[in-house]
Amino acid sequence: MYRPSGHGYIEAVVGPMYSGKSEELIRRLKRAKIAKQEVIVFKPCIDNRYSKEDVVSHSGISIRAIAINHTEEIHKYITGETQVVGIDEVQFFDEGIVDVALELADKGIRVIAAGLDLDFKAEPFGPVPELLARAEFVDKLQAVCVKCGAPATRTQRLINKEPARYDDPIILVGATESYEARCRKCHRIKK
Ligand code: ADP
Ligand code: ZN
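In this text the structure is predicted, and so the values were computed from the model without any measurement. (Residues numbered from 1 in each chain as written. Chains lettered and ligands numbered in written order. Predicted model: local features only at pLDDT ≥ 70, side-chain atom pairs only at ≥ 80, totals over all residues. Heavy atoms only, no water.)

Focus on the overall build of the chain
As a reminder, the rule being used: Only runs of H or I of at least four residues qualify as helices and only runs of E of at least two qualify as strands under DSSP, and these elements are numbered from the N terminus. The size measure is the radius of gyration over C-alpha atoms, and the globule rule it meets is 2.2 Å times the number of residues to the 0.38 power. Whether a residue is buried, partly exposed or exposed follows from its accessible area with a 1.4 Å probe, protein chains only, as a fraction of its type maximum: under 20%, in between, or over 50%, in that order. Working rule for contacts: check all heavy atoms of both residues, and any pair within 4.5 Å makes them a contact. Per-residue and other accessible areas follow the Shrake-Rupley method at a 1.4 Å probe size, with only the shown protein chains counted as cover for residues. The charged-residue count follows a simple rule in which Lys and Arg add positive charge and Asp and Glu add negative charge, with His and chain termini not counted at all. Charged side chains are reduced to one point each, which is NZ for Lys, CZ for Arg, CG for Asp and CD for Glu.
Counting its regular elements, the chain contains 4 helices and 13 strands. Against the globule reference of 16 Å for 191 residues, the chain gives a C-alpha radius of gyration of 17 Å, in line with a compact fold. When its C-alpha atoms are laid out on the principal axes, the chain stretches across 50 × 35 × 30 Å. Within the chain, buried positions represent 47% of all 191 residues. Put simply, 72% of the contacts in the chain that link residues at least 6 apart link residues at least 24 apart. Summed over its atoms, the accessible surface of the chain is roughly 10,300 Å², and 50% of this surface lies on carbon and sulfur atoms. For the chain, the centre of its 29 positive side-chain charges and the centre of its 28 negative side-chain charges are spaced 7 Å apart.

Written out as structure tokens, the structure reads:
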């Protein structure tokens, strides 16, 4: 779809883990750079999966990013020149991220936000439902279910290779934790 530059709007890219959200975010941002647009990318400090200052996809492609602790920090990096703002792992920000995205879009900036729509319990994740409602453009991506090969819309949390319980703490000392892409049928939550 043709999206004129200089017009602000919000694009949301969501889906489970491994659905290619980071890949898609990086693709859009790299194309904006090719178009010589002023691009800036943010991610929350929590995600240091591969690199502190890069958004890195599971397939290995990456783009420079600024790791921030609070949504308000975004403002101090925005200049009159900024045309495109990328945000990865948007689910880890507080609700304030939606207001920041709206403010930037109102100023004429293209905001592209990528993140998980659902947590491992398949429940809406943090500020993402609000973001989806407010965004002009929404893309829900699917991964491939590791169990059956169907399109995967959910993220399976595993603790010591077993499906996590509904109320398992977010941080488990001494346990090995992993995540898989699964479809609705293969996704398990122990009550
Ligand atoms: P996300 O940001 O949504 O977690 P990434 O962009 O980091 O996704 O990674 C997507 C890449 O992950 C795919 O291009 C593929 O190479 C790899 N991948 C690994 N496991 C799967 C899976 N189960 N389904 C789809 N892609 C997968
Ligand atoms: Zn499945």
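Notes on the UniProt feature "active site" (unreviewed entry) in the chain
What counts, and what does not: UniProt positions are given in the numbering used here, feature names are shortened, and annotations may be inferred rather than shown by experiment.
Within this structure's numbering, the places UniProt gives as "active site" (unreviewed entry) are Glu89. Of note, Glu89 is situated in the loop between strand 6 (84–87) and helix 3 (96–106). Assessed through its relative accessible area of 10%, Glu89 is described here as buried.

With respect to the coordination of the zinc ion (ligand 2)
Rules: For Na, K and Ca the donor cut-off is 3.2 Å, while for other metals it is 2.8 Å, and in both cases only N, O and S atoms qualify; water is not among them, so sites may look incomplete. Key to geometry: four donors with every angle between 85 and 135 degrees are tetrahedral; four donors are square planar and six octahedral where opposite donors lie over 155 degrees apart and all remaining angles lie between 65 and 115; all other sites are irregular.
Only Cys145 (SG), Cys148 (SG), Cys183 (SG) and Cys186 (SG) from the protein reach the zinc ion (ligand 2) as donors, at distances of 2.3 to 2.4 Å. Around the zinc ion (ligand 2) sit 4 donor atoms; with metal-centred angles ranging over 101 to 117°, the donor geometry is tetrahedral. Mapped onto the sequence, the donors of the zinc ion (ligand 2) take the spacing C-x2-C-x34-C-x2-C. Of this pair, Cys145 sits in the loop between strand 9 (143–144) and strand 10 (151–152) while Cys183 sits in the segment after strand 13 (177–182), placing them 38 residues apart in sequence. Residues Cys145 and Cys183 agree in their burial class; the two are buried.

Topic: the nonpolar core
For clarity, the cut-off: To define a nonpolar core, start from buried Ala, Val, Leu, Ile, Met, Phe, Trp, Tyr and Cys residues and group those joined through side-chain atoms within 4.5 Å.
Residues Ile74, Ile78, Val85, Ile87, Val90, Leu104 and Leu131 are the most contacted members of the largest nonpolar core, which totals 24 residues. Those elements giving two or more residues to this core turn out to be strand 1 (9–15), strand 2 (39–44), strand 6, helix 3, strand 7 (110–116) and helix 4 (128–134). Looking at which element gives the most residues to this core, the answer is helix 3, with 6 residues. Excluding residues within four positions of it along the chain, Val90 makes contact with Ile97, Ala113, Ala114, Gly115, Pro127, Val128 and Leu131. Ranked by size, the runner-up nonpolar core spans 13 residues in total, among them Ala32, Val41, Ile63 and Ile112.

A look at the UniProt feature "binding site: ATP" (unreviewed entry) in the chain
What counts is decided by this rule: Pairs of N or O atoms are called polar contacts if they sit within 3.5 Å, as long as, within protein, a hydrogen donor faces a hydrogen acceptor (for residues adjacent in sequence, only side-chain-to-side-chain pairs).
Under the UniProt annotation, "binding site: ATP" (unreviewed entry) lies at Gly15, Pro16, Met17, Tyr18, Ser19, Gly20, Lys21, Ser22, Asp88, Glu89, Val90 and Gln91. Residue position: Gly15 is located in strand 1. Residues in contact with Gly15, not counting those within four places in the same chain, are Lys21, Gly115, Leu116, Asp117 and Leu141. Summarising the element assignment, Asp88 is placed in the loop between strand 6 and helix 3. By relative accessible area, which is 3% here, Asp88 ends up buried. Asp88 has contacts with Ser22, Leu25, Phe42, Lys43, Pro44, Val55, Phe93 and Ala114, leaving out every residue within four places of it along the chain. A distance of 3.2 Å separates the side chain of Asp88 from the side chain of Ser22, its partner in a polar contact.

Notes on the environment of Pro16
Structurally, Pro16 can be placed in the loop between strand 1 and helix 1 (21–34). Overall, Pro16 belongs to the buried group, its relative accessible area being 2%. Between the C-alpha atoms of Pro16 and Phe125, which are 109 residues apart in sequence, the distance is 11 Å. The residues touching Pro16, leaving out its near neighbours within four places in the chain, are Lys21, Leu116, Asp117, Leu141, Ala143, Ala152, Thr153, Arg154 and Thr155.

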